[in-house]
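Listed below, chain by chain, are the residues.
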Amino acid sequence: MLSLSRVAHTLLRTAAPVFIASTVVTATSSIALAADNASASTPNIPHLERIDPLYRPYAAMMIGDYSNDEAVAKANAEFAKVALFTTIVPELIKVKNEQDGFEVEVAIYKPQKCAQNTPQCPVFAYEPQYTKADPSDATHPLVLYSHAGGFLVRANYYLADNYQMISNTLQAVVAVPRYRLSSEAPFPAPIIDNYSALSYLIEHAADYDIDPEQVLLMGTSVGGGMSVSLSLYNRDHKNYPIKGQALIYPMLDYHTGNPDYGATSEYIGQVAWDAKSNAYAWEKYGDATAIAALSGHTLPDEHGKSNDITMMVAIPPHLQALKNFHHEHQKDSAIKGEPDYFGYYSPSMAKDLSSLPPAFINVGDIDLFAPESLKFASRMLESGNTVEMHLVPGVYHLFEFLDPNAAPSQQYYERLFYFMDQRLMAPQGQVWPEAKTAK
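Residues numbered from 1 in each chain as written. Predicted model: local features only at pLDDT ≥ 70, side-chain atom pairs only at ≥ 80, totals over all residues. Heavy atoms only, no water.

- As recorded in an unreviewed UniProt entry, the protein goes by Alpha/beta hydrolase and comes from Candidatus Anaerobiospirillum pullistercoris.

Spelled out as structure tokens, the structure:
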């Protein structure tokens, strides 16, 4: 049985603003406790009737504020009390950021063979079809997982039971970089931290029993957006073979929540992650105007329209360092001409979305990121990419963690693992695996 994790359980008990949760432990009373706590102090959630009844009991616990320095500091102080690996402790390695040399911690989860789902051996009830052509080959696929947190909080990094469940179910190595938050280093540091981890693991695949030809990217919320940024950056640089990208309610568009670009609908983004928090997160992540200037154009409008830069804009040293780093390594890069730095920052605004890995996008229809996910899926299709898009009725941000046993959560996990499984079976760049004919 799947239920809330010990981390989520602790956060619910402390009544801290909940941004994260996880899956796959045996604390069967957690969901009942959450429902009791929620019903005791249910806030006035607009259009509560639009929330699937299965997830309404947890909505109150998912109301939080991340829209200013004080609120984020308070949340991080609460998270710090429970930001620990649980019964599962991954292998921890250090990888140097290729640009500035910062040592990035990366948590490595190796697959286990689980007879049944337990706290020590979590697994989802899915039977992968992917098998090695050579039975003696002991290597595993790699899933590079970019965790959620809005570039503001890191509690999601410690959800060991969730990452181990993915590893066990897919029989893959799951790697989770502890990338720097905005308060530690703004754009591009988090992207280069994650890409350096990806590059290191592919270049040292044999040391970790990884098949470097079988690589998937995955991320939730801001991690979903970062997965797209990694796909773009990888395409434009070393161009490692990436089989697919699983984007779970991805944070893609720096416009979302910014009052300068119009009000956000009252029907979305009322639970877990709201417009004000989103606007603040993008502001802390990087100076959009300066990043656009670094890319040689003005700040794009909500339709992605911009003009070539016609006036001098001050470029901060850390952004100039990114440009210098690119030019120093251009001879080793697959990119031609000037890179689209702004696309790496806000991937929905990328000028060129062609030649990206097939994408799986899953988002609730009352999630703040539903509109931008739909727009991004459309642009991906128009650019010649393959997209599997799921818009789930009545669910909000992080829904699958709050009640993993509910039907929409179960359907999400089935679809996710099927997508990843199919991608591993297909040759690089090919949409579908070749059908096997009986002999």
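**Considering helix 14 (residues 407-425)**
One full turn of an α-helix is made of 3.6 residues, so residues set three or four places apart face in the same direction.
Reasoning step 1: An ideal rise of 1.5 Å per residue puts 27 Å on 19 residues; helix 14 measures up with 27 Å between its terminal C-alpha atoms.
Reasoning step 2: All buried positions along helix 14 are accounted for by Pro408, Ser409, Tyr412, Tyr413, Leu416, Phe417, Phe419, Met420, Asp421, Gln422, Arg423 and Leu424. (Helix = DSSP H or I, 4+ residues; strand = E, 2+ residues; numbered from the N terminus. Expected span 1.5 Å × (residues − 1). Buried < 20%, exposed > 50% of the residue type's maximum accessible area, 1.4 Å probe, protein only.)

**Considering the environment of Val104**
Reasoning step 1: Counting through the fold element by element, Val104 comes out in strand 2 (residues 103-109).
Reasoning step 2: A sequence separation of 73 residues divides Val104 from Pro177, and the C-alpha atoms of the two residues are 6.9 Å apart.
Reasoning step 3: Setting aside chain neighbours within four positions, we find Val104 in contact with Ile93, Lys94, Val95, Asn97, Pro177, Arg178, Tyr179 and Asp193. (Contact = heavy atoms within 4.5 Å.)

**Notes on the environment of Ala138**
Reasoning step 1: Along the chain, Ala138 falls in the loop between strand 2 and strand 3 (140-146).
Reasoning step 2: On the basis of relative accessibility, which here comes to 56%, the residue Ala138 falls in the exposed class.
Reasoning step 3: Spatially, the C-alpha atom of Ala138 lies 8.6 Å from that of Ile210, the residues being 72 residues apart in sequence.

**Side note on the sheet that holds strand 6 (residues 244-248)**
Adjacent strands of a sheet form backbone hydrogen bonds with each other and so pair up, either parallel or antiparallel.
Reasoning step 1: Pairing is mixed across the open sheet formed by eight strands, whose spatial order is 1-2-4-3-5-6-7-8. The open sheet has two edge strands, strand 1 (91-96) and strand 8 (387-392), and neither has a second partner. Taking each pair of neighbouring strands and ignoring which way they run, the sheet shows an average axis angle of 20°.
Reasoning step 2: Sheet topology note: the strand 2/strand 4 (residues 173-177) ladder contains four bridges and is antiparallel. Note on strand 4: the bridge partner recorded for Ala107 is Val176.
Reasoning step 3: Here helix 12 (residues 370-382) sits on the sheet and contacts strand 6, strand 7 (359-364) and strand 8; the angle it forms with strand 8, its principal contact strand, is near 160°. (Pairing = 2+ DSSP bridges. Axes fitted to C-alpha atoms, helices over the stretch in contact; angles between N-to-C directions.)

**Observations concerning the pairing of strand 1**
Reasoning step 1: In terms of strand pairing, strand 1 meets strand 2 through six bridges, oriented antiparallel. Counterpart to Ile93 in the pairing with strand 2 is Val106.
Reasoning step 2: Two successive antiparallel strands, strand 1 and strand 2, enclose a turn made up of six residues, where Gly101 displays a positive phi of approximately 80°.

**Quick notes on the packing of helix 5 (residues 160-170) against helix 14**
Reasoning step 1: Orientation of helix 5 relative to helix 14, taken along the N-to-C sense of each, is 50°, at an axis distance of 11 Å. What the angle tells us is that helix 5 and helix 14 run oblique. Pair helix 5 / helix 14 crosses with right-handed handedness. When helix 5 is examined against helix 14, the residues Met165, Ile166, Thr169 and Leu170 are found in contact with a partner set consisting of Tyr413, Phe417, Met420, Asp421 and Leu424.
Reasoning step 2: Considered class by class, the residues forming the contact of helix 5 with helix 14 number seven nonpolar, one polar and one charged. (Parallel < 35°, antiparallel > 145°, perpendicular 65-115°, else oblique. Left-handed = near helix turned anticlockwise from the far one by under 90°. Nonpolar A, V, L, I, M, F, W, Y, C, P; charged D, E, K, R; others polar.)

**Re the pattern of salt bridges**
Reasoning step 1: The full count for this structure, using the stated rule, is eight salt bridges.
Reasoning step 2: Among the ionic pairs, Glu78 bridges to Lys81, the shortest N-O distance being 3.5 Å.
Reasoning step 3: One salt bridge in this structure joins Arg235 and Asp352, with 4.0 Å as the shortest N-O distance. One end of the pair, Arg235, is in helix 7 (residues 222-236); the other, Asp352, is in the loop between helix 11 (341-345) and strand 7, and 117 residues separate them in sequence.
Reasoning step 4: The class of Arg235 is buried, set by a relative accessible area of 15%.
Reasoning step 5: The exposure class assigned to Asp352 is partly exposed, which follows from its relative accessible area of 39%.
Reasoning step 6: Through salt bridges with shared partners, a single ionic network connects Asp100, Arg180 and Asp193. (Salt bridge = Lys/Arg side-chain N within 4 Å of Asp/Glu carboxyl O.)

**Remarks on the environment of Ala197**
Reasoning step 1: Within the secondary structure layout, Ala197 lies in helix 6 (residues 189-203).
Reasoning step 2: Overall, the relative accessible area of 0% leaves Ala197 in the buried class.
Reasoning step 3: When the C-alpha positions of Ala197 and Val106 are compared, they lie 7.2 Å apart, and in sequence the two are 91 residues distant.
Reasoning step 4: In this structure Ala197 touches Val95, Val106, Leu144 and Pro177, once residues within four positions along its chain are discounted.

**A word on the side chain of Ser199**
Reasoning step 1: Note on placement: Ser199 falls in helix 6.
Reasoning step 2: The exposure class assigned to Ser199 is buried, which follows from its relative accessible area of 2%.
Reasoning step 3: Beyond its immediate chain neighbours, meaning those up to four positions away, Ser199 contacts Glu98, Lys238 and Tyr240.

**Description of unusual backbone geometry**
Only a minority of non-glycine residues have a phi that is not negative, and only a minority of peptide bonds are not trans.
Reasoning step 1: Looking along the chain, the bond that leaves Phe187 and enters Pro188 is cis, with omega of 10°.
Reasoning step 2: Relative to the helices and strands, Pro188 resides in the loop between strand 4 and helix 6.
Reasoning step 3: Unlike most non-glycine residues, Phe151 shows phi in positive territory, near 65°.
Reasoning step 4: Its place among the elements puts Phe151 in the loop between strand 3 and helix 5.
Reasoning step 5: For Ala272, which is not glycine, the phi dihedral falls at a positive 80°.
Reasoning step 6: Mapping Ala272 onto the fold places it in the loop between strand 6 and helix 8 (275-285).

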